[in-house]
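# Results of the structural survey
Below, each chain spelled out in residue letters.
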Amino acid sequence: MNNDRWVRLPHPPPIMIFSKLLRIIFLITVSISFVYSLFIYIVVFTSPKSIAQNDYSHFYTSGTMTRYNLGKYLYTPEIFDFYQALTSKPYQYPRLTYRSLPFVSLLFTPLSLFSYHTSFFVYFFLSLMLLIISQILTRKLFNLPPTAIYLLSSFVFIPTTLTFMQGQTSILTLLSLIVTAIFLKQQSFFYAGLSFAAFLIKPHLFLVLGLFLFLAFYSKSFLYGLFVGGLFLIVIGLPISGLKPLIQYPQFIQSTETPAFGTFTTTYTNLSSLIGHYYSLPLLLLVLFIYTKKISSLNFSAKISVAILFAIPFSFHVPAYELTLLIIPIFYYLSCSTSIHLFLSCLLYSILYIGLLDGRQPYISVIMLLCGVFTLFSILPKQNPKPAQLPTSSAP
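Everything quoted here is computed from the prediction, not taken from an experiment. (Residues numbered from 1 in each chain as written. Predicted model: local features only at pLDDT ≥ 70, side-chain atom pairs only at ≥ 80, totals over all residues. Heavy atoms only, no water.)

### Remarks on the overall build of the chain
When you go through the chain residue by residue, the secondary structure sums to 21 helices and zero strands. Of all 396 residues assigned to the chain, the portion counted as buried reaches 55%. Considering only contacts within the chain whose residues lie at least 6 apart along the sequence, 78% involve residues at least 24 apart. Summed over its atoms, the accessible surface of the chain is roughly 18,800 Å², and 70% of this surface lies on carbon and sulfur atoms. (Helix = DSSP H or I, 4+ residues; strand = E, 2+ residues; numbered from the N terminus. Buried < 20%, exposed > 50% of the residue type's maximum accessible area, 1.4 Å probe, protein only. Contact = heavy atoms within 4.5 Å. Areas by Shrake-Rupley, 256 points an atom, 1.4 Å probe, with all protein chains shown as cover.)

### Description of the packing of helix H18 (residues 327–335) against helix H19 (residues 339–349)
Two elements in contact, H18 and H19, have axes separated by 7 Å at closest approach and are oriented at 155 degrees. Judged by the angle between their axes, H18 and H19 are roughly antiparallel. Crossing hand, H18 versus H19: left-handed. Within the contact between the two elements, H18 uses Pro329, Ile330, Tyr333 and Leu334 and H19 uses His341, Leu342, Leu344, Ser345, Leu348 and Tyr349. A per-class count over the contact of H18 with H19 returns eight nonpolar, two polar and no charged. (Axes fitted to C-alpha atoms, helices over the stretch in contact; angles between N-to-C directions. Parallel < 35°, antiparallel > 145°, perpendicular 65-115°, else oblique. Left-handed = near helix turned anticlockwise from the far one by under 90°. Nonpolar A, V, L, I, M, F, W, Y, C, P; charged D, E, K, R; others polar.)

### Topic: the packing of helix H17 (residues 300–314) against helix H21 (residues 364–377)
The geometry of a pair of packed helices is captured by two quantities: the angle between their axes and the separation between those axes. Two numbers describe how H17 lies on H21: the axes approach to 8 Å, and their chain directions differ by 150 degrees. The angle between H17 and H21 places the two elements in the roughly antiparallel class. Where H17 crosses over H21, the handedness of that crossing is left-handed. Where H17 approaches H21, its residues Ala302, Val306, Leu309, Phe310, Ile312, Pro313 and Phe314 are matched on the opposing element by Ser365, Met368, Leu369, Cys371, Gly372, Val373, Thr375 and Leu376.

### Concerning the environment of Leu207
On the secondary structure map, Leu207 appears in helix H11 (residues 203–217). Along the sequence, Leu207 and Phe316 sit 109 residues apart, while their C-alpha atoms lie 9.6 Å from each other.

### Looking at the pattern of salt bridges
With the rule as written, the count across this model stands at one salt bridge. Among the salt bridges present, the one from Glu322 reaches Lys202, with a minimum N-O distance of 3.1 Å. Taken together, the residues Glu322 in the loop between H17 and H18 and Lys202 in the loop between helix H10 (189–196) and H11 connect sequence positions 120 residues apart. With respect to burial, Glu322 and Lys202 carry one shared label: buried. (Salt bridge = Lys/Arg side-chain N within 4 Å of Asp/Glu carboxyl O.)

### Thoughts on a nonpolar patch on the surface
Residues Tyr191, Leu194, Tyr224, Phe227, Val228, Leu231, Val235, Leu238, Leu243 and Ile247 make up a contiguous nonpolar surface patch of roughly 960 Å² in combined accessible area. The set of elements that each furnish at least two residues to the nonpolar patch consists of H10, helix H12 (220–241) and helix H13 (243–247). For the nonpolar patch, the element with the most residues is H12, which contributes six residues. (Patch = residues over 30% accessible without salt bridge, like charges linked within 9 Å, V, L, I, M, F, W, Y side chains within 5 Å.)

Here's what the structure looks like:
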């Protein structure tokens, strides 16, 4: 008589269990963000007062002034305040001085043909379309599967929610950076520089991130494209404001970086808000030295991600919505199959929650720096590994 034999199945390795747990944690974090973002969207989009008093008011005002040939007063706070008060009427206007370069006002000139509230919702849907395009391009950049979780995670990412809520331009810079990355991957360095010139929408990020990207790929064609694109954007802004405001632009930015003009640096996510400019500058030089020594050993995707993770903390003006750029390193970490990279994706995705719990968002810059340092010194193959599979349904 044959006895039945029990077959003992091998236990999965602890690392596999940990990886699965991290994927579940990521999905839980996305779910929490979905509920939080849905609440924010409902509260803001159903409140005319909230819409009238967000950041979009100064973009809309700049477009209106440009349409009526009043661009030379964009950097005159008293006159700009007068027109912004008309935009926010009947609510008290937010004192948000226009700090972007003159060409940015051209983007909002067509939108100023609508009423303020209609214009806000038109801009929201345009930004949503750009986010979908950005998400598709990012997914292809890192060879991620077309699952719905990536689109959802991009839309309910808290910095993205803040961008939509405030009517900000961070989706435009995200798309600009993704297109730049695609050209860099194809080694079309001139077109990469040309597309990165659109990052002048955010001059504070443009300078630092441009430096890190140049050091990572070290191409004169990139600088040439950057010069041509940047010069074009500055030239088309000259008829709007004239030459004098552009010459005085750096001084104007410095003088308006105060609470009186709607700037609260304690809520920023950069290092200078935490340790001050005098300490952040030597630290930047140290990071640049190490960065130039190690960056060539990384694969393409890691180079882009590290550049972002180092550039944001050392930028001058980094409100929470600027962290929308973290979508790129988050997707990169998700494309890696190791548990530590899944952990970093969860950490970056929940980074603003950490700031809210801590009470001071500047500490977020330390987390980004540590993620960048780890990625810089981690040993990865030149080609990206098989992406981590998340248990989701297929997107159409």
